[in-house]
Amino acid sequence: MGNKVTAPAVKARKGGAKLKMVTAYDFPTARIADRAGADIILVGDSVGNVVLGYDDTLHVTVDDMVHHTAAVARAKPSALIVGDMPWLSYHSSPQETVVNAGRFVREGGAEAVKLEGGRKRIPMIEAVIDAEIPVMGHLGLTPQSIHAMGGYRVQGKEAQAAYELISDARALTDAGVFSIVLEGVPNVVAEMVTSEVEVPTIGIGAGSSTDGQVLVFHDITGLGAGGYIPKFVRTYAQLADDAVTAIEAFFADVDSGAFPDDSETYHMTDESEAILRGMAFRAASHILADEDMGRR
Ligand code: KIV
């Protein structure tokens, strides 16, 4: 683990060494991400899909997010901890957004928050930054807009839509975000946003031109429960399969009696065992004697 990463340090990495971000949702995944050298740990609302078993992120609440963010924070990572604000936690008013963002920091230990959307979120973003909480933007395929987008679709494929997205990125930067996630957009759009804004872009399904990359922990490690894996995911391990193999081996050892062996077993001293056996023998003798005397 290295020096603590801060939001200003992330911002200062614009155009420098690529930023490496990964999601984590609890103490062990945060420890693993930090040991691997993450610059940023995103406690993503993807927790809804990969940990809580929902079909989308719309069921995730602020309480869920604060609970998971606090578990990540207890790992005391060097990486910057960014908490993902869930659907409806930053949609009604700047005041309510600040209260919810404040819960991520005060109760969850987050050091920044992320929220999805472009220009229409500017009043909320400004209010949170005004409350001294750094904000990461998120543009392109924003999963909380699944119904408005008509499904998880690559965004900015048409020139006008791409132009709007670039304008959104400029507006977010002017509002003071310290970085922007670009998800599910064509490479050229990510490239244009990246050269257009002064803050680092972090891509997921946005090609190779961004200032950094992010993937979901369970996708990288093969810890998912199966199901659809998007084209932009690269899976580097098969931890779910390894876990099944490990647990099957445990069950086989239970069946055969090979588990536990002597080294996995607690023992008494020979002396204590002899005393115990004597006590048990005497107790059994009394019971037999009582039975003989008709007292039982
Ligand atoms: O919730 C999440 O995991 C995210 C990333 C995919 C950027 O928002």
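Residues numbered from 1 in each chain as written. Predicted model: local features only at pLDDT ≥ 70, side-chain atom pairs only at ≥ 80, totals over all residues. Heavy atoms only, no water.

**A short note on the overall build of the protein chain**
Link 1 in the chain: From N to C terminus, the protein chain includes 12 helices and 8 strands.
Link 2 in the chain: Taken over the C-alpha trace, the protein chain has a radius of gyration of 27 Å; the compact-globule value for 296 residues is 19 Å, which it surpasses by more than 25%.
Link 3 in the chain: In terms of principal-axis extent, the alpha carbons of the protein chain reach across some 100 × 40 × 40 Å.
Link 4 in the chain: The proportion of buried residues among the 296 residues of the protein chain is 44%.
Link 5 in the chain: Once local pairs closer than 6 in sequence are excluded, the contacts in the protein chain between residues at least 24 apart make up 58%. (Helix = DSSP H or I, 4+ residues; strand = E, 2+ residues; numbered from the N terminus. Rg over C-alpha atoms; globule rule 2.2 N^0.38 Å. Buried < 20%, exposed > 50% of the residue type's maximum accessible area, 1.4 Å probe, protein only. Contact = heavy atoms within 4.5 Å.)

**What about the site of the ligand?**
Link 1 in the chain: Around the ligand, the neighbouring residues are Thr23, Leu42, Gly44, Asp45, Ser46, Asp84, Lys114, His138, Val181, Ile204 and Val216.
Link 2 in the chain: Separating an oxygen atom of the ligand from a side-chain N or O atom of aspartate 45 is a distance of 3.0 Å.
Link 3 in the chain: Here an oxygen atom of the ligand sits 3.1 Å away from a polar atom, N or O, in the side chain of aspartate 84.
Link 4 in the chain: Considering the ligand on its own, with 260 Å² of exposed area, one finds that the protein chains cover 95% of that surface. (Near = heavy atom within 4 Å. Polar contact = N/O pair within 3.5 Å; in protein donor to acceptor, adjacent residues only side chain to side chain. Areas by Shrake-Rupley, 256 points an atom, 1.4 Å probe, with all protein chains shown as cover.)

**A few points about the pattern of salt bridges**
Link 1 in the chain: One pass over the full model with this rule turns up 10 salt bridges.
Link 2 in the chain: Residue lysine 114 is joined to aspartate 84 by a salt bridge in which the shortest nitrogen-to-oxygen separation is 2.9 Å. With a gap of 30 residues between them, lysine 114 in strand 4 (residues 112-116) and aspartate 84 in strand 3 (residues 80-84) connect regions that are remote in the sequence. Each member of the pair, lysine 114 together with aspartate 84, is buried.
Link 3 in the chain: The salt bridge partner of arginine 170 is glutamate 196, with a shortest N-O separation of 2.7 Å. Pair noted here: arginine 170 is in helix 8 (residues 159-175) and glutamate 196 is in helix 9 (residues 187-196), with a separation of 26 residues, a long-range link. (Salt bridge = Lys/Arg side-chain N within 4 Å of Asp/Glu carboxyl O.)

**Here we look at the sheet that holds strand 8 (residues 212-215)**
Link 1 in the chain: Strand order in the closed barrel formed by 8 strands is 1-2-3-4-5-6-7-8, with parallel pairing between adjacent strands. Averaged over neighbouring strand pairs, the angle between their axes works out to 25° when direction is ignored.
Link 2 in the chain: Bridging between strand 7 (residues 201-204) and strand 8 involves 2 bridges; their strand directions are parallel. Bridging across to strand 8, isoleucine 202 finds its partner in glycine 212. (Pairing = 2+ DSSP bridges. Axes fitted to C-alpha atoms, helices over the stretch in contact; angles between N-to-C directions.)

**Remarks on the pairing of strand 7**
Link 1 in the chain: Side chains Thr201 and Gly203 of strand 7 all project onto a buried face; the interleaved residues Ile202 and Ile204 project onto the opposite face, where all are buried too.
Link 2 in the chain: As paired elements, strand 6 (residues 179-183) and strand 7 share 4 bridges and run parallel to each other. Note on strand 7: the bridge partner recorded for valine 181 is isoleucine 202.
Link 3 in the chain: Following the chain from strand 6 across helix 9 to the adjacent parallel strand 7, one finds a crossover that is right-handed. (Right-handed = clockwise from strand over helix to strand, strands pointing away.)

**Focus on the domain arrangement of the protein chain**
Link 1 in the chain: Entries for the protein chain in the domain assignment read domain 1 (7-234) and domain 2 (266-295).
Link 2 in the chain: A separation of 66 Å is found between the C-alpha centroids of domain 1 and domain 2. (Domains from an automatic or database assignment.)

**Some details on the packing of aromatic side chains**
Link 1 in the chain: As enumerated under the stated definition, the model contains 2 aromatic pairs in all.
Link 2 in the chain: With a centroid separation of 5.5 Å and 45° between ring planes, the pair formed by phenylalanine 250 and phenylalanine 251 is classed as tilted.
Link 3 in the chain: Assessed through its relative accessible area of 38%, phenylalanine 250 is described here as partly exposed.
Link 4 in the chain: Three or more aromatic residues link up through ring pairs in this structure, and these residues are Phe250, Phe251 and Phe259. (Phe/Tyr/Trp six-rings, centres within 6.5 Å; stacked < 30°, edge-to-face > 60°.)

**Here we look at the environment of valine 214**
Link 1 in the chain: Examined against the element boundaries, valine 214 turns out to sit in strand 8.
Link 2 in the chain: By relative accessible area, which is 5% here, valine 214 ends up buried.
Link 3 in the chain: The sequence separation of valine 214 and glycine 203 amounts to 11 residues, and the corresponding C-alpha distance is 6.1 Å.
Link 4 in the chain: Among all residues touching valine 214, those that are not within four sequence positions of it are Met21, Val22, Ile202, Gly203 and Ile204.

**A few points about unusual backbone geometry**
Link 1 in the chain: The omega angle of the peptide bond from phenylalanine 259 to proline 260 is -5°, so this bond is cis rather than trans.
Link 2 in the chain: By secondary structure assignment, the location of proline 260 is in the loop between helix 11 (239-256) and helix 12 (270-292).
Link 3 in the chain: Although it is not a glycine, leucine 88 sits at a positive phi angle of roughly 75°.
Link 4 in the chain: Secondary-structure assignment places leucine 88 in the loop between strand 3 and helix 5 (94-106).
Link 5 in the chain: Its identity as a non-glycine residue notwithstanding, glutamate 132 has a phi of 70°, on the positive side.
Link 6 in the chain: Relative to the helices and strands, glutamate 132 is located in the loop between helix 6 (122-130) and strand 5 (135-140).
Link 7 in the chain: Exposure remark for glutamate 132: the relative accessible area of 69% places this residue in the exposed category.

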